[in-house]
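Single-letter residue listing:
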Amino acid sequence: MDELLKDFLTETAEQIESVGTQLVLLERDPSDAAMIASIFRLVHTIKGTCGFLGLTRLGQLAHAAETLIGRIRDGATPTPDAVTVILAAIDRIKIVLAALECTAQEPDGDDSDLVQALELQSAAADAAKDQMPAPAATPPKTANAEAPPQVRGGEEATLQVRRPETIRVAVGALERIMLLVSELVLTRNQLLELTRKETEETLKAPLQRLSGLTSDLQDAAMRARMQPVGRLFGNLPRLVRELAGEVGKKIALVTEGAETELDRQLIELIRDPLTHMIRNCAAHGIETPAERLAAGKPESGTIRISASHEAGQITIDVVDDGRGLDISRIRQKAIALGLANEAEVARMSNDDICRFIFAPGFSTAGAVTSLSGRGVGMDVVRENIEAIGGSISLSSMLGQGTCFSIKIPLTLAIAPALIVQAGGHRFALPQVSVVEAVGVGPGSAHTLERVQGAKVLRLRQEVLPVADLCDLFGLTHQADEADARLVVVMRVGTLSFGILVSAVADVQEIVVKPLGASLAHLKVFSGHTILGDGSVVLILDPAGLAGSLGLQRSSDYAIVAPTEPPTPPRESTRLILFRAGSGALKALPLSLVSRIESVPSDRLTQSDGTLITMHQGRLMPIVPASATIVRANAIHPVLVISLGGEFMGILVEEIIDIVEEPLDIQIAGGAEDIVGTAEIRGDAVNILDIMHFIQQARPNAPLRSIARRFKVVLVDDKLFFRDMLAPVLTSGGYEVTTCASAAEALALIERGISFDAIVTDTDMPEMNGYHFAEAVHSHPRCGDLPIIALAAHATNPVLAAARASGITAVAGKFDRRGLLETLRACLNRDDLTNTELEQRVLTEKAA
Amino acid sequence: MSALGVQHSERPAFVSGSGTQRRCFTVIDGDEMFGLPVESVQTIFRIEGVTPVPLGPPEVEGLVNLRGRIVTAVSLKRRLSKTPLQAARGALAIGIEHNAENFALIVDEVGDVITCEASAQIAPPPHIDSQRAKLTNDYYRMDGRILPILDMNAIFDFTERNRGNGSAHLNPTIIRSDQ
């Protein structure tokens, strides 16, 4: 083919796409002079080149289109009819171009229909302009008459600056570079291995440099394959325009983050799912203008598509402000399709019910239109997204709209992977699906259990099926790996399971290569790769593994009864250490936390300004542990706090550890949500003030739980314990007054304020708990006031001293439940006898 | 690596007229010698390390890194239903591209490139084991021995074998014995 023609075709193909997009934008904002000039210039160039190359058919079309666009440039309004005709002309030009590409000849055909329509519109534009009152027509006309040279000049100038920045490269050439770079990396690795024992500095330094350069080159080659996601957005305005016309709705499209970069391969792979989701929004989501006005919404609906890059993933949100999903209809449909029974559905949260639309054959559309309602849709979207290692979630508010959120990896070519060992073999496991690795060897906190021969792992509240990779693959266990064993917990969609391996050998970025045809039938492997040391490993396919385990995908999840809170120890406090927001790690005493939940982000719903999720069939408010919390992961750990029958959750980023440390608050907290800062294992850790979060989430919880509120004075010299115990008592239904010393409490009594009980620390400076108790009981009004002493160790001397000083009961300082029970018993006037007291202490010791 | 083009026709010897020659690369497995169409052979190399493929076809010894490319190593011994041996490091393999997939055929020894005259071609002996008969397509008379030519399509096709080797495979033998 003629070089000139080739250049023309490639250049025009790009230009013609942008003309379509720009026209739709112009229709929305007809006053954008720069835009008109740009469109005009593009069409003009096409026309000019056609004449040069002798492409008469194309030339005629372009000429007619140019005339009409010229009218618009000269001030005529771009009416919808005019834009439609120009778009049709562009489509025709595309057809001719495609034929040119194949045959290098213009195809035969008659364009007179279009040329006529274009001319008609031009004439109409002329007529409209003539009818326009002169003063109104003059300003844009004169402005344009003078402006064009400047506008054109400006256009040209910016184009000239832009031009040298890009160069067109064949995809094949890029792929070849990638391949060569991969080989270079391998050679580099071998060289490094060979020279490891080398001490010669003259060799080492350049080798180091070579190594660094190779890594940079690999990175640069990867980046060369990246393209802005805006490529995907390019044809969306037109799509939305056409959809709006088809369904008779008014829809505006807003795109954000077009500059976000994504691997070229992935851009093509998500084009169809994205288009389908937009169709879905237009057909189901957005209401008709009349419905919208009746609902008090603006007539025109909005579909907002935003792309962003976070934590090695691309998130694309498709949000509409339409009617939202009709939960009751989805519920009925789910029951009708036999996806769940009524009892199950009744127990499910709205988000879970929404997920049914991803089930195959699910459609609630009453009528089958060309757009949707055929029941092939969201399941295909979900499959396509999951096939490329992504995930899709949605949230919806009735009457307010729906938000689909897809998360996809940056690239398919390179993925971080765990290199696991089993039976003397190594396998790569894509990190995307790995949740965590849990040790199950001797001395580990977890052990594998067997249920009817099948291995299961109890992990927090979940029971996970576990497959031994050796058994699955028929590998023999190595003798030396018997003791070090690890369960890698994976999540595929909503399914969690574990695979048993002997060790995680490494974490590497791997270049994924597909399996050859003769091995492609092995569903447990998604590909193979060459590691840094030159050896070949197979890449495990989490979905394939789940399949070979006989696990079925389902949107169901088990509701597990809450576990007993761990028994608090003596002396030191068990703290749960976690990351939330910027700054130091944060901690809460474990005794306050009734359990830890892993909540997928799609199950967190924004409602009335607060986050909520379903917990044991009830709505649970969730408060982020920090204002600066990053919600990047798909799963969020949530600390569940029990408040007299009600629950609330504290959202954190990551649970770091559970430590048992003597607590020493060194800096009192300045912020209202922090009690203070303590040193734990050499790190500064912020201890959170639980009451702050309770007030945010369940402001009425303490009030609601009990009608008659007993008044309790809490005396402790340490702020930490006051702040820890006050919410415990408050949540138990008591009205709490805190005092920092015995003197302060006695002052309150002096002032005539009455209480129902006193909870006091024993070990306090100035006046200790025993003397304080004696002082209280010596007061005429408080002779029989129940006093509960808090002791870290309920040893015999402590009990003896307590009895001697008239203390009613002793409670463990860290035993939250014990304190509440003791208090309740005291207030019911069921005074504990000595034996009972001893029994309590004994059970506590045993625990 | 050989720069020869990879062009397969299933039975080149029959297609070409009499008097044409066929160049074959000889490989030795145990005490047997086989011919490989020379145009299939890309390279000969020693295997550094094999990564076994669990659940894969039994003939597949594993995956091998051949200069940055991952190739599927197939043991000729296993393919010939002989007692499988432990895949030894340093085993000799022939790099073959077949149907856009890269293979390494593990053999005991490699011989020379020899020229087979079409006139020396003989009909397949009728009593050959059916499993074996499928793997070879042509037979040539050589000095003092018969050289079977391995059929690349059959050697690297594991699907048929995976479907099971029941009675269906007996039929060709019976037909042949009738000839």
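Residues numbered from 1 in each chain as written. Chains lettered and ligands numbered in written order. Predicted model: local features only at pLDDT ≥ 70, side-chain atom pairs only at ≥ 80, totals over all residues. Heavy atoms only, no water.

So, the overall build of chain A
When helices and strands are counted, chain A shows 26 helices and 35 strands. Relative to its 847 residues, chain A shows a buried fraction of 47%. Sequence separation of at least 24 residues holds for 66% of the intrachain contacts in chain A that already meet a minimum separation of 6. Carbon and sulfur atoms provide 53% of the accessible area of chain A, an area that totals close to 40000 Å². (Helix = DSSP H or I, 4+ residues; strand = E, 2+ residues; numbered from the N terminus. Buried < 20%, exposed > 50% of the residue type's maximum accessible area, 1.4 Å probe, protein only. Contact = heavy atoms within 4.5 Å. Areas by Shrake-Rupley, 256 points an atom, 1.4 Å probe, with all protein chains shown as cover.)

Side note on the interface of chain A and chain B
Interface size is commonly expressed as the accessible area that is lost once the parts come together. If you look at the interface, chain A gives 23 residues, while chain B gives 19 residues. Summed over both sides, the interface between chain A and chain B buries roughly 1600 Å², with carbon and sulfur atoms accounting for 70% of that surface. When the area that chain A buries against chain B is broken down by residue, the three leading residues are Ser518, Leu519 and Val536 of chain A, summing to 32%. The tally of links from chain A across to chain B stands at zero salt bridges. One can count three residue pairs in polar contact (both at pLDDT 80 or more) joining chain A with chain B. Elements supplying a minimum of two residues to the side of chain A that touches chain B: helix H7 (171–194), strand E9 (425–430), helix H17 (469–473), strand E17 (525–530) and strand E18 (536–540) of chain A. By residue number, the principal contributor to the side of chain A that touches chain B is E17 of chain A, which donates four residues. Residues of the side of chain A that touches chain B, tallied by class, amount to 14 nonpolar, seven polar and two charged. (Buried area = accessible area lost by both parts, 1.4 Å probe. Salt bridge = Lys/Arg side-chain N within 4 Å of Asp/Glu carboxyl O. Polar contact = N/O pair within 3.5 Å; in protein donor to acceptor, adjacent residues only side chain to side chain. Nonpolar A, V, L, I, M, F, W, Y, C, P; charged D, E, K, R; others polar.)

Notes on the confidence of the model for chain B
Predicted coordinates in areas of low pLDDT are best not read in detail. Residue and element names in this part refer to chain B. Chain-level statistics for chain B give a pLDDT mean of 74 and a share of 74% at 70 or above. Ignoring residues within four places in sequence, the model shows residues 1–18, a span with pLDDT below 50, making 28 contacts including any to other chains. Contacts for the low-pLDDT stretch residues 161–179, under 50 throughout, to residues beyond four places or in other chains number 15 contacts. As a predicted assembly, this complex carries a pTM of 0.45 together with an ipTM value of 0.75. (pLDDT = per-residue confidence, 0-100.)

Structural notes on the sheet that holds strand E12 (residues 454–459) of chain A
Residues and elements named next belong to chain A. Pairing is mixed across the open sheet formed by six strands, whose spatial order is E10-E14-E15-E13-E12-E11. Of all the strands in the sheet, the pair left with one neighbour each is strand E10 (434–439) and strand E11 (448–451). The sheet shows a mean angle of 35 degrees between the axes of neighbouring strands, taken without regard to direction. Note that E11 and E12 share four bridges and pair antiparallel. The residue bridging Leu448 from the neighbouring strand is Leu457, located in E12. (Pairing = 2+ DSSP bridges. Axes fitted to C-alpha atoms, helices over the stretch in contact; angles between N-to-C directions.)

Some points on the pattern of salt bridges
Pairing is possible between side chains that carry opposite charge, provided their charged atoms lie close to one another. Scanning the entire structure with this criterion turns up 21 salt bridges over all chains. Taking the shortest distance from any N to any O, the salt bridge between Arg238 of chain A and Glu242 of chain A comes out at 3.2 Å. Highlighted residues: Arg238 of chain A and Glu242 of chain A, both in helix H10 (residues 236–247), separated by four residues, approximately one helical turn. Salt-bridge contacts for Asp138 of chain B lead to Arg22 of chain B; the nearest nitrogen and oxygen are separated by 2.8 Å. Taken together, the residues span a long stretch of sequence, with Asp138 of chain B in strand E11 (residues 136–142) and Arg22 of chain B in strand E1 (residues 21–29) at a distance of 116 residues. What emerges from the salt-bridge pattern is a single network uniting Arg57, Arg92, Asp111 and Asp113 of chain A.

Notes on the packing of aromatic side chains
A ring pair, where both rings are aromatic, is described by two values, the distance of the centres and the angle of the planes. All names here are of chain A. Scanning the model with the defined rule gives five aromatic pairs over all chains in all. When the centroid spacing of 6.4 Å and the interplanar angle of 75 degrees are considered together, the rings of Phe358 and Phe404 count as edge-to-face. Highlighted residues: Phe358 in the loop between helix H15 (350–354) and helix H16 (378–387) and Phe404 in strand E7 (residues 401–409), separated in sequence by 46 residues. When its relative accessible area of 3% is taken as the criterion, Phe404 is described as buried. Here the aromatic rings of Phe427 and Phe525 are separated by 6.2 Å at their centres, their planes lie at 10 degrees, and the arrangement is stacked. Highlighted residues: Phe427 in strand E9 and Phe525 in strand E17, separated in sequence by 98 residues. Across the pair, Phe525 and Phe427 agree in class, each one buried. (Phe/Tyr/Trp six-rings, centres within 6.5 Å; stacked < 30°, edge-to-face > 60°.)

Some thoughts on the environment of Asp126 of chain A
All names here are of chain A. You can see Asp126 is positioned in helix H5 (residues 112–131). Residue Asp126 is classed as partly exposed on the basis of its relative accessible area of 24%. The spacing of Asp126 and Arg71 is 55 residues in sequence and 7.4 Å in space, taken between C-alpha atoms.

Thoughts on the sheet that holds strand E8 (residues 101–107) of chain B
Taken together, the six strands give an open sheet; going across it, the order is E3-E7-E8-E6-E5-E4 (chain B), and neighbouring strands pair in mixed fashion. Looking at the sheet topology across the chains shown, the edges are occupied by strand E3 (41–46) and strand E4 (50–51) of chain B.

Some points on the nonpolar core
Core analysis: the biggest nonpolar cluster contains 64 residues, and Phe578, Leu588, Leu639, Ile650 and Leu823 of chain A have the highest contact counts within it. With seven residues, helix H21 (residues 719–731) of chain A is the single largest residue contributor to this core. Each residue touching Leu639 of chain A, except ones within four places of it in the same chain, is listed here: Ile576, Phe578, Leu588, Val593, Arg595, Ile596, Met648, Gly649, Ile650, Val652 and Ile655 of chain A. Core analysis: the second largest hydrophobic core is formed by 55 residues, Met490 and Val501 of chain A together with Phe25 and Val74 of chain B among them. (Core = buried A, V, L, I, M, F, W, Y, C linked by side-chain atoms within 4.5 Å.)

Structural notes on the packing of H21 of chain A against helix H25 (residues 816–827) of chain A
Residue and element names in this part refer to chain A. It is at 10 Å that the axes of H21 and H25 come closest, and there the two elements cross at 50 degrees. As far as their axial angle goes, H25 and H21 are oblique. Seen from above, H21 lies across H25 with right-handed handedness. Residues Leu725, Val728 and Leu729 of H21 touch H25, and the partners they reach there are Arg816, Leu819, Leu820 and Leu823. Of the residues in the contact of H21 with H25, the class split is six nonpolar, no polar and one charged. (Parallel < 35°, antiparallel > 145°, perpendicular 65-115°, else oblique. Left-handed = near helix turned anticlockwise from the far one by under 90°.)

Some thoughts on the pairing of strand E33 (residues 757–761) of chain A
Residues and elements named next belong to chain A. Across the five residues of E33, five count as buried, placing the element largely inside the fold. Relative to E33, strand E31 (residues 711–715) runs parallel, the two being bridged by four bridges. Bridging across to E33, Val715 finds its partner in Thr760. Bridging between E33 and strand E34 (residues 787–791) involves four bridges; their strand directions are parallel. Paired with Ile758 across the bridge in E34 is Ile787. On the question of chirality, the crossover connecting E33 to the parallel E34 by way of helix H23 (residues 769–778) is right-handed. (Right-handed = clockwise from strand over helix to strand, strands pointing away.)

Observations regarding the packing of helix H19 (residues 690–697) of chain A against H21 of chain A
Residues and elements named next belong to chain A. Direction vectors running N to C along H19 and H21 enclose 35 degrees, while the axes themselves pass 8 Å from each other. Touching Ile690, Met691 and Ile694 of H19 are Asp723, Pro727 and Thr730, all from H21. In terms of residue class, the contact of H19 with H21 is built from four nonpolar, one polar and one charged.

A closer look at helix H22 (residues 742–750) of chain A
Residues and elements named next belong to chain A. Buried residues of H22: Ala742, Ala745, Leu746, Leu748 and Ile749, and no others. Buried residues of H22, viewed axially, fall in a sector of 150 degrees; they line one side. As for H22, its buried residues are in contact with E31, strand E32 (735–739), E33 and H23. Taken from the residues just after H22, Gly752 is the one with a positive phi, measuring 90 degrees. (Arc of directions from axis to C-beta.)

Thoughts on a nonpolar patch on the surface
Residue and element names in this part refer to chain A. There is a patch of nonpolar side chains on the surface, built from Leu191, Leu194 and Leu210 and spanning about 280 Å² of accessible area. With respect to the helices, strands and loops of the structure, Leu191 is situated in helix H7. Owing to a relative accessible area of 35%, Leu191 belongs among the partly exposed residues under this scheme. (Patch = residues over 30% accessible without salt bridge, like charges linked within 9 Å, V, L, I, M, F, W, Y side chains within 5 Å.)

Remarks on the confidence of the model for chain A
Residue and element names in this part refer to chain A. Per-residue pLDDT for chain A has a mean of 75; in total, 83% of the residues score no lower than 70. Mean pLDDT across the secondary structure elements of chain A bottoms out at helix H6 (residues 134–162), with 37, and peaks at E18, with 91. Overall, residues 366–376 carries pLDDT values under 50, and its contacts beyond four positions in sequence, including any with other chains, amount to 24 contacts. Taken as a whole, residues 829–838 scores under 50 in pLDDT and shows 15 contacts with residues more than four places along the chain or in a different chain.

Focus: the side chain of Asp716 of chain A
Counting through the fold element by element, Asp716 of chain A comes out in the loop between E31 and H21. When neighbours within four sequence positions are excluded, Asp716 of chain A is seen to be in contact with Phe721, Arg722, Cys739, Ala740, Asp761, Met764 and Lys813 of chain A.

Some details on helix H2 (residues 33–53) of chain A
In this model, H2 of chain A (21 residues) spans 30 Å end to end at C-alpha, consistent with the 30 Å of a helix rising 1.5 Å per residue. Gly54 of chain A lies just past H2 of chain A and shows a positive phi near 75 degrees. (Expected span 1.5 Å × (residues − 1).)

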